[in-house]
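So the chains spell out like this:
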Amino acid sequence: MRVASRLCCRWPMPDRAPPEPGSVAASTFLPYGRQEIGDADIKAVVEALVGNWLTTGPRVAEFEQAFARHCGAPEGVAVNSGTAALHCAMRAVGVGPGDEVIAPAITFAASANAAIYEGATPVFADVEPGTLLIDPASVAARITSRTKAIVAVDYAGQPADYDALYALAKARGIRVVADACHSPGATYKGWKSGTLADISCFSFHPVKHLTTCEGGMCTTGDAEMAAHMRRFRNHGIDSDHRAREASGAHVYDMAELGYNYRLPDVQCALGLSQLKRLNGWIAARQQVAAWYDAAFEELPRVMPLHTHADRTHARHLYVVRLPPDISRDKVFASLRAAGIGANVHYAPVYLHSYYQARGYRAGLCPAAEQASREILTLPLFPAMSQADVQRVVEALTTATA
Ligand SMILES: *Cc1c(COP(=O)(O)O)cnc(C)c1O
C-alpha cells in the first residue's frame, strides 16, 4: 500500500486484509449489504490519522458542508451514529416528557427509541401495505393534543409522503423529522432527501449508502436548530476544544445536558472520500434493483414493493413480499442454505420485548404485522453483478415453486 510505505511501520501492510477463514469474504456467501472501501478512502484516513486533530478537527465542518451541499440543505451536523442524529433531532425540535412522537411500526427501533431518550412516548402508526411507508391516514388517527413530532422513515430508500404529513402537522405546530437513514440521494417531487423535513437524520453505518464505520448526520434549513444540535453533541457546551485553542480563551459554559456524540476527524475524512462516489453507488444500486424488477415480472409469486412515480428511490434495501400461503421463514432458510444473505426489515418495533414490557400490544398496526410476516430483503450493494442477481432469482424461484 503506497500510503503506508510513507509511514514508519515495522510490519508489512497488505493491500487488504486477507479474508478470515470461514468469513463472508472467504466464501461465496452473498451478504444483504456490503461497504466499498477503496485506496482513496485509505489514503484520506491515513492523512487525517497523522494530522493534528484526531477528533474535532477541520474535516468535521468540511464533511458537514459537503454532505449538506450534496443534499441541497443549508446545514449539516455530523454525529457519531444515525441513532445520535435522531436523538439530536428530538432535542432540537423540543420533544420532552409528556409529549408523544408518532413513528411507523416498520422501522429500525432507533427511530422510536430516540423519543424515549427525551422522556416522550412513541406512538406507532401503521404503514401503507404496498410501500411500507408511514400511512398518513394512520398518522391522522393517532394525533392528539400531546403530539409533538412525527418521525417519517424513508423505508428502503423511498421518501415518505411529506406533503401529506405536513398537511397534518403544520397547522397543529407538530414538527416533522425524517429518518432518512435509507434515503440519501432520493427525491420527493423533485426535492432531495435531506430537505424534506424540519430535520433529516442519516446514518453512515457500513450497510448504508456511504460509511464512516459508525457515524451520522442531521441536515436542516434552520440555523438555530443546527447550532443547538452542535451544542447537544458536545455535552451541551457551545464552544469546542479547537475553537478555544484558536481564540486563546479557556472559559466555556455548559448550557444544557448534552452528550458526547462527536464524529471524529478521522471518520469525517472517510466520509468526505466516500461522498465523492455516492452518486455512482446510488446508480449502481438502482441498476441492481432494475435487474431484480425485470426478473420478478416473470415471477408473479414474488412481489417487489411499489415505487411512487413522484419519487426517486435510493435503493438502500430491495424488499419483496411473498403471498401469505408461502412460508417466508422457509424461503428465508432455503436462501440462507444457498449462501444468500436474505434478511427481514423489520418486525414491528412495538413487538420487541422492551416495548411489550411498556404496555404496547400486538394488533396496534395490522398492516405492519401482516407485512412483517411476508417480507424478505434480498442482497443489494453496488458491487453486485447481474450474475449475482441471477443467482438470487434462481434460488428464489426454486424456494417459492
Ligand atoms: C441504520 C438506521 C438507524 C440507526 O443508525 P445507526 O447509525 O446504526 O445508529 C436508524 N434508523 C434507520 C431506519 C436505520 O436504517
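Residue indices begin from 1 for each chain and proceed along its sequence in written order. Reporting of local features is limited, given that this is a predicted model, to residues whose pLDDT is at least 70; pairs of side-chain atoms are given and counted only at 80 or more, and all residues count toward the totals for whole chains, interfaces and linings. Only hydrogens and water are set aside; all other atoms, that is, all heavy atoms of the structure, feed into the side-chain values.

Examining the site of the ligand
Quick note on the threshold: Near is defined per residue: the residue qualifies when any heavy atom it owns lies within 4 Å of the molecule or strand. Pairs of N or O atoms are called polar contacts if they sit within 3.5 Å, as long as, within protein, a hydrogen donor faces a hydrogen acceptor (for residues adjacent in sequence, only side-chain-to-side-chain pairs). Per-residue and other accessible areas follow the Shrake-Rupley method at a 1.4 Å probe size, with only the shown protein chains counted as cover for residues. The way it works is that DSSP assigns letters per residue, a run of H or I at least four long becomes a helix, a run of E at least two long becomes a strand, and they are numbered from the N terminus. Only Asp, Glu, Lys and Arg are considered charged in this grouping, and only Ala, Val, Leu, Ile, Met, Phe, Trp, Tyr, Cys and Pro are considered nonpolar; every other residue, Gly among them, is considered polar.
Taken together, 14 residues sit near the ligand, with Gly82, Thr83, Asp179, Ser203 and Lys208 positioned nearest. Contacts to the ligand include Asp179, whose side-chain N or O atom sits 2.7 Å from a nitrogen atom. The separation between an oxygen atom of the ligand and a polar side-chain atom of Lys208 is 2.9 Å. Here the ligand has 380 Å² of accessible area as a free molecule, and 92% of this is covered by the chains. Counting residues per element, the shell around the ligand draws most heavily on helix 4 (residues 82-92), at three residues. Of the residues that constitute the shell around the ligand, the class distribution is four nonpolar, eight polar and two charged.

Some thoughts on the domain arrangement of the chain
Defined as follows: Domain start and stop points were drawn from an automatic or database domain assignment. The contact criterion used throughout is that any non-hydrogen atoms of two residues lie within 4.5 Å. Two parts placed together each lose some accessible area; with a 1.4 Å probe, that loss summed over both constitutes the buried area. By definition, a salt bridge exists where a carboxyl oxygen of Asp or Glu is found within 4 Å of a side-chain nitrogen of Lys or Arg.
If you check the domain split of the chain, you get domain 1 (8-35 + 278-399) and domain 2 (42-275). Just the C-alpha atoms count here: the centres of domain 1 and domain 2 sit 24 Å apart. Counting from both sides, the interface comprises 41 residues of domain 1 and, opposite them, 46 residues of domain 2. Of the roughly 3600 Å² buried between domain 1 and domain 2, counting both surfaces, carbon and sulfur atoms make up 60%. A per-residue breakdown of the area domain 1 buries against domain 2 is headed by Leu278, Arg311 and Tyr346, which together make up 20% of the total. Here domain 1 is connected to domain 2 by zero salt bridges. Looking at the side of domain 1 that touches domain 2, the elements with two or more residues in it are helix 11 (278-297), strand 11 (311-312), strand 12 (318-321), helix 13 (353-357) and helix 14 (366-372).

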